[in-house]
Amino acid sequence: MSTILDIARLAGVAKSTVSRYLNGGSVGEATKKKIEQAISETGYTPNPFAQSLKAKKTNIIGTIVPRLDSYASSQTLIGLDEQLKQMNYQMLISNTSQSLEREIESIYSLANQKMAGIILLATEITDQHIEAFENVKVPVLLIGQEHPDFHSLIHDDFHAGYEMGRYVLGKGYRKIAYLGVTERDISVGVKRKQGFKKAIQEVEDCEVRFYETLFKIPAAQASAREILQEFKPSIFVCATDNIAMGVLKASYSEGMTVPKDMGVTGFGGYDVTEIIHPGLTTAKFFYKEAGEKAARQIVELLHERPVEKVTISHFEIIERESVDNLFQRRL
């Protein structure tokens, strides 16, 4: 690969002159043509990361992700990356593998690398996060969680939970197991459940039990098998699509048929939920579009333009084969 030194030698100019040209500095017309000719002959491509770190103002957005093996995270990152590229910004990803300690370290590390801004795909916001954001003094945007002191883009978890509750009740289900996650995750663990509870309060003669599990399919499968033996619900409402797929596996292992013996719903709208059989009824969130919107917002913040403190991304209930209509079955 060609370097700035190669370009300087070929053009017969100083390395500092080539660097000044590449960074938009003033260079004579004759010298400019020599440098451009040398770049053309060598096929040299400047390293945007290195350029940005040398500049007074970078064009790199640091993005902190709790896990890369997540459909929601990957789709959000695709949206962020595509939109930032269109706006001539680069994205640097820091994966923390769901470690709070690594998440806090990444905030300071990215700031030290002169990131123009930081985007955090958050699962929870602790006092340590707040302290770090205040210390680094870099524009910050949260995705997935909200905090009054920082700009946030969130999914409409409460209303998604509410509409899913109304949908399930409208199909005639009254013995329901809600399989959620830890309440440390405000969006997934609290707001979806709160929305669902609001819908349940609008009907009578409904037996609902609330449970918690982990985000991974095997953990959800194990939890579901215990619930099936203890409670025998007519439907599982699951806080994520992965949890719902764990429940589907558990139902098959118990010799049950979905939706004949039991219904299942999820939240997320992962691509796989359309492919599996039966197709999963789910509340679809638009992660890629949210990433695109977040990219535009962080750039607005960098230019000190007004941005809504909280932006809410929409959702859609996708009806598939994993839920039956009990009212029609009774006729």
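A short tour of the structure in this document, coming up.

## Description of the overall build of the protein chain
Move 1: In terms of helices and strands, the protein chain carries 14 helices and twelve strands.
Move 2: The principal-axis extents of the C-alpha atoms in the protein chain amount to approximately 85 × 40 × 30 Å.
Move 3: The 331 residues of the protein chain split such that 51% are buried.
Move 4: Put simply, 70% of the contacts in the protein chain that link residues at least 6 apart link residues at least 24 apart.
Move 5: Side chains of the protein chain give 39 positive and 42 negative charges; the mean places of these two sets differ by 5 Å.

## Some points on the nonpolar core
Move 1: Counting 47 residues, the largest nonpolar core has Val-168, Ile-176, Phe-236, Val-237, Val-247 and Val-264 as the members making the most contacts within it.
Move 2: Look past the residues within four positions of Val-237 in its chain and what remains in contact with it is Met-164, Val-168, Ile-176, Ala-177, Tyr-178, Leu-179, Phe-196, Thr-265 and Phe-267.
Move 3: Residues Ile-61, Val-65, Leu-141 and Ile-298 belong to the second largest nonpolar core, which totals 21 residues.

## Section: unusual backbone geometry
Move 1: Between Val-258 and the following residue, Pro-259, the backbone shows a cis peptide bond with an omega angle of 5 degrees.
Move 2: Following the sequence through the fold, Pro-259 ends up in the loop between helix H11 (241-253) and strand S9 (263-268).
Move 3: Omega for the bond connecting His-277 with Pro-278 falls within 30 degrees of zero, at 0 degrees, which places this linkage in the cis form.
Move 4: Positive phi outside glycine occurs at Asn-88, with the angle close to 65 degrees.
Move 5: Along the polypeptide, Asn-88 turns up in the loop between helix H5 (71-86) and strand S2 (90-95).

## Structural notes on the sheet that holds strand S6 (residues 175-180)
Across a sheet, paired strands are connected by hydrogen bonds in the backbone, their directions being either parallel or antiparallel.
Move 1: Within the open sheet, the six strands sit side by side as S7-S6-S8-S9-S10-S12. Their pairing is mixed. Each edge of the open sheet carries a strand with a single partner, namely strand S7 (207-212) and strand S12 (315-318). Averaged over all neighbouring strand pairs, the angle between strand axes comes to 15 degrees, with direction disregarded.
Move 2: Bridge count for strand S10 (residues 281-285) against S12 is four bridges, and the pairing is antiparallel. Opposite Ala-283, over in S12, you have Ile-317 as the bridge partner.
Move 3: Packed onto the sheet, H11 meets S6, strand S8 (235-238), S9 and S10 and runs at close to 155 degrees relative to S9.

## Section: the environment of Glu-316
Move 1: Of note, Glu-316 is situated in strand S12.
Move 2: In this structure the C-alpha to C-alpha distance between Glu-316 and Ile-154, which are 162 residues apart in sequence, comes to 15 Å.
Move 3: Non-local contacts of Glu-316, meaning those with residues more than four positions away in its chain, are made with Thr-282, Ala-283, Lys-284 and Phe-286.

## A look at the layout of surface pockets
Move 1: Looking at the largest pocket, its volume works out to about 890 Å³.
Move 2: Lining the largest pocket are 37 residues, with Pro-66, Gln-98, Thr-123, Asp-185 and Phe-215 positioned closest to its centre.
Move 3: Mapped by element, the contributors of at least two residues to the lining of the largest pocket are H5, helix H6 (100-112), helix H9 (186-200) and S9.

## A word on the pattern of salt bridges
Move 1: Counted by the stated rule, this structure contains 16 salt bridges.
Move 2: Asp-69 is the partner of Arg-67 in a salt bridge, and the nearest nitrogen-oxygen pair spans 3.0 Å.
Move 3: According to the relative accessible area criterion, Arg-67 is buried, its value standing at 12%.
Move 4: Lys-198 is the salt-bridge partner of Glu-202, the closest N and O atoms lying 3.5 Å from each other.

## Let's talk about the packing of aromatic side chains
Move 1: On inspection of all chains with the given rule, the structure shows seven aromatic pairs.
Move 2: On the numbers, 5.0 Å between centres and 40 degrees between planes, the contact of Tyr-71 with Tyr-270 is tilted. Taken together, the positions of Tyr-71 in helix H5 and Tyr-270 in the loop between S9 and helix H12 (272-275) put the pair 199 residues apart, joining distant regions of the chain.
Move 3: The class for Tyr-270 is buried, based on a relative accessible area of 10%.
Move 4: Taking 6.3 Å as the distance between ring centres and 80 degrees as the angle between the ring planes, the aromatic pair formed by Phe-196 and Phe-210 counts as edge-to-face.

## Points about the packing of helix H2 (residues 15-22) against helix H3 (residues 29-42)
Move 1: Contact geometry of H2 with H3 gives a least axis separation of 11 Å together with a crossing angle of 85 degrees. Regarding the angle of H2 to H3, the classification is roughly perpendicular. Between H2 and H3, the residues in contact are Thr-17, Val-18, Tyr-21 and Leu-22 and Thr-31, Lys-32, Ile-35, Glu-36 and Ile-39, respectively.
Move 2: Among the residues forming the contact of H2 with H3, the class breakdown is five nonpolar, two polar and two charged.

## Re the environment of Ala-11
Move 1: Along the chain, the position of Ala-11 falls in helix H1 (residues 4-11).
Move 2: Overall, Ala-11 belongs to the buried group, its relative accessible area being 8%.
Move 3: Considering only alpha carbons, one finds Ala-11 and Gln-37, 26 residues apart in sequence, at a separation of 7.7 Å.
Move 4: Leave out the neighbours within four places in its chain, and Ala-11 touches Lys-34, Ile-35 and Ala-38.

Rules and cut-offs
- Residues numbered from 1 in each chain as written.
- Predicted model: local features only at pLDDT ≥ 70, side-chain atom pairs only at ≥ 80, totals over all residues.
- Heavy atoms only, no water.
- Helix = DSSP H or I, 4+ residues; strand = E, 2+ residues; numbered from the N terminus.
- Buried < 20%, exposed > 50% of the residue type's maximum accessible area, 1.4 Å probe, protein only.
- Contact = heavy atoms within 4.5 Å.
- Lys, Arg positive; Asp, Glu negative; His and termini not counted.
- Charge placed at Lys NZ, Arg CZ, Asp CG, Glu CD.
- Core = buried A, V, L, I, M, F, W, Y, C linked by side-chain atoms within 4.5 Å.
- Pairing = 2+ DSSP bridges.
- Axes fitted to C-alpha atoms, helices over the stretch in contact; angles between N-to-C directions.
- 1 Å grid on protein atoms, 1.4 Å probe; cavity = no way out; pocket = protein on both sides within 12 Å on 5 of 7 lines; lining within 4 Å.
- Points joined across faces, edges and corners; volume = space filled by probe spheres on them.
- Salt bridge = Lys/Arg side-chain N within 4 Å of Asp/Glu carboxyl O.
- Phe/Tyr/Trp six-rings, centres within 6.5 Å; stacked < 30°, edge-to-face > 60°.
- Parallel < 35°, antiparallel > 145°, perpendicular 65-115°, else oblique.
- Nonpolar A, V, L, I, M, F, W, Y, C, P; charged D, E, K, R; others polar.

Taken by themselves, the reported measurements are silent on function.
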